[in-house]
Amino acid sequence: MDYKDLANLIFPEVREIDYYEEKYPERKLKEGAIVTRFAPSPTGFVHIGGLYQSLIARKLTAQTDGVFFLRIEDTDQKREVENGIVGIVNALNDFVVLPDEGMISETEEKGNYGPYKQSLRKEIYQAYAKHLMEQGKAYPCFCTAEEVEAIRTKQENAKIRPGYYGVWAKCRNYTVEEMAEKVKNGESYIIRFKSPGREDKKIKHHDVIKGNVDFPENDQDIVIIKADGLPTYHFAHAIDDHLMRTTHVIRGDEWLSSVPLHLQLFHELGFKAPKYAHIAPIMKNDNGNKRKLSKRKDAEAAVSYYEEEGIPEEAVKEYLLNIANSNFENWRRANPDKGMDQFELLLNKMSVSGALFDMVKLLDVGKTVISRMTAEKVYEESMKWASKHDKELVELLEDKEYALKVFGIERGNKKPRKDISKWSEVKENIDYMYDAKYFERKKEYPYQVIQEKEEIKKILTLYLEKYYDQSDDKQTWFDKIKELAGEMGYAKEVKEFKANPEQYKAHVGDVSTVLRVALTARTNTPDMYEIMQILGKDTITKRFEKAMEELGK
Ligand code: GLU
């Protein structure tokens, strides 16, 4: 009896590995093409870090005419939730980070290197486990969970390195006959990798992001096939990334310490190892402490948060590129009008230690992104968001023609107004343009320099009676406000006022503020000329009257 016989006893049905090697040939891509993947577990929660990783993968593969695929790692069936895959697929769709291959729904997939769901690849893993066993590189382990636990406790008490290795790896020392005997007797077992490594030896690894790192060799006889017949993450990683012809494994840096094991697995399986690029996590400043964005503590850790808040998909991506490569910011400044697909992302420019996530900055990017959109696009996106999250906004936007005018204020010119950072801000941003909303509640009128009731009333009355004409162009309109200012003893130019402040009550800007506050109950609005054009004389009159009424006698 030898290992071949043992392998046949344990895996009687599986195919030869040559079958798979031929079925999934080397990809015919151009020199330098990157093949990489996003490989999440369907746990029902998509972390922003996953989107970040996918975006990086998508960009690098697009830049090199490579392939980006989505592989679902569902071998830990205890952690799985219903619709977990759909959640991941939808997140990538929502953010338009679309894989070339892989799962496209809970059950469907595209591409020639599948199945892309690990639970459907059982016989593939078993074929390779058998192949290892035939060479004496894998063996059945009969230790119960309690026995493994007892080994660990002993190690802890003696303060030695924990794990199933060397002298502690009890089952590796059985003879093939003994192993076969136990299997035949129906003892339950799992399959372990027989590590050829020694802990006192070092390996050198070059990580595309982290640079050169030294590690002790792996000497752990890790589990490769569990009792349910499914592989562990480590084993599945080696088999899948080999057969799917991955060139770069881009993943979270919590996996960096597994590199010695992974390189050893690739080597013992006879595979060429991929390049590894370990991404530092997105960090958060928590009262001066830098820590990872946490699923438990931070709402913004979930991809769903951005959709709920209505932060545009483009802004999120653009901001993530900012985090990924710090030179993105300069590139954007130099190329304000280019699409972000034209930015060349480089793995070796990725932050080694983890960039800070800054919500203020993200919202700022949101403002820029939205400011570049046409009124039509702003309308559509607001409506899309509102139909899921805000009925009142849907009602407000019902009159599309009017909404387009409102969104058109200071838009489409060279320096568009940057006032909306996310769709959930639209309502408060525009509600004063709607009489129904405007008159709904009692308002504070935040008058500034000019505060006296009678003075304000006089400005408003005179303006309506003598100066406002809907057909005026912008210049004439403004000249008239100056005239009004002059007539009432205010400087027509701020400059004049500054030169001789004692000669005037205040200046034209202060008069404008009175008009603006009476009209909108705000001190800060987009261009008042455009607002007046849209509201029209009747509404302006109604609003001024209301403002005067509020001032009281
Ligand atoms: N399923 C692993 C995870 O979600 C994938 C890691 C990898 O990309 O290899 O962390």
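None of these values were measured; they are calculated from a predicted model. (Residues numbered from 1 in each chain as written. Predicted model: local features only at pLDDT ≥ 70, side-chain atom pairs only at ≥ 80, totals over all residues. Heavy atoms only, no water.)

Enquirer: Can you break down the site of the ligand residue by residue, with the values?
Expert: Around the ligand, the neighbouring residues are Arg37, Ala39, Pro40, Ser41, Glu73, Tyr233, Arg251 and Trp255. Trp255 is positioned with one of its side-chain polar atoms (N or O) 3.2 Å from an oxygen atom of the ligand. Residue composition of the shell around the ligand, by class: four nonpolar, one polar and three charged. (Near = heavy atom within 4 Å. Polar contact = N/O pair within 3.5 Å; in protein donor to acceptor, adjacent residues only side chain to side chain. Nonpolar A, V, L, I, M, F, W, Y, C, P; charged D, E, K, R; others polar.)

Enquirer: Can you explain unusual backbone geometry? Please cite residues and give values.
Expert: Along the chain, Gly114 connects to Pro115 via a cis peptide bond; the corresponding omega equals 0 degrees. On the secondary structure map, Pro115 appears in the loop between β4 (109-110) and α5 (122-134). In this model, Asn287 sits at a positive phi of 50 degrees, which is unusual for a non-glycine residue. Mapping Asn287 onto the fold places it in the loop between β12 (283-286) and β13 (289-292). With relative accessibility at 76%, the residue Asn287 sits in the exposed group. Despite not being glycine, Glu410 has its phi angle at roughly 50 degrees, a positive value. (Helix = DSSP H or I, 4+ residues; strand = E, 2+ residues; numbered from the N terminus. Buried < 20%, exposed > 50% of the residue type's maximum accessible area, 1.4 Å probe, protein only.)

Enquirer: Summarise the sheet that holds strand β6 (residues 190-193); cite the residues concerned and give the values.
Expert: Strand order across the open sheet formed by three strands is β5-β6-β9, with antiparallel pairing between neighbours. Lying at the two open borders of the sheet, with one neighbouring strand each, are β5 (138-141) and β9 (223-225). Between one strand axis and the next, the sheet turns by 45 degrees as a mean value, whatever way the strands run. Pairing of β5 with β6 involves four bridges; the strand directions are antiparallel. Its bridge partner being in β6, Tyr139 is matched across the sheet by Arg192. (Pairing = 2+ DSSP bridges. Axes fitted to C-alpha atoms, helices over the stretch in contact; angles between N-to-C directions.)

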